[in-house]
Amino acid sequence: MRERSYWDDCAEAMELTIEGNRLIVGEIAECIREQWHAAMHRVAEIVHRVPNARHLPPV
């Protein structure tokens, strides 16, 4: 088996960096997706309530 070189170490570090960045981006995307769904759920609730409140006098 040959001895590891500087370039082997650089290649491994690059692979680990890319994989780490991929995992971080995945977590960020999941957080944004959850927040987006929660916001759209709140908007849907508000839109659903508006037609039901039309019989009330303006405030």
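Refer to the preceding data block for the structure.
All values derive from a computational prediction rather than experimental measurement. In every chain, residue numbers begin from 1 and rise along the written sequence. In keeping with the predicted nature of the model, local features appear solely for residues at pLDDT of at least 70, side-chain atom pairs appear and are counted solely at 80 or more, and the whole-chain, interface and lining totals rest on all residues. Side-chain measures were taken over the full set of non-hydrogen atoms in the model, leaving aside hydrogen atoms and water.

Attention shifts here to the pattern of salt bridges. Counted as salt bridges are all cases of a side-chain nitrogen of Lys or Arg within 4 Å of a carboxyl oxygen of Asp or Glu. The final tally for this structure, using the stated rule, is 6 salt bridges. R22 is the partner of E19 in a salt bridge, and the nearest nitrogen-oxygen pair spans 2.6 Å. Of the two residues, E19 and R22 are both situated in helix α1 (residues 6–52); the distance of 3 residues between them amounts to about one turn of the helix. Classification of R22 as exposed rests on a relative accessible area of 52%. By sharing partners, the salt bridges in this structure join R4, D9 and E12 into a single network. Comment: elements are numbered from the N terminus, with helices defined as DSSP H or I runs of at least four residues and strands as E runs of at least two. Relative accessibility thresholds used throughout: buried, under 20% of the residue-type maximum; exposed, over 50%; partly exposed, between the two (1.4 Å probe, protein chains only).

The relative placement of two aromatic rings is captured by the distance of their centres and the angle of their planes. Centres within 6.5 Å make a pair out of two Phe, Tyr or Trp rings, where for Trp the six-membered ring is used; the pair is then stacked when the planes are under 30 degrees apart, edge-to-face when over 60, and tilted otherwise. Considering all chains together, one arrives at 1 aromatic pair under this definition. With centroids separated by 4.9 Å and ring planes inclined at 75°, the aromatic side chains of Y6 and W7 adopt a geometry described as edge-to-face. By the burial criterion, Y6 is exposed, and W7 matches it.

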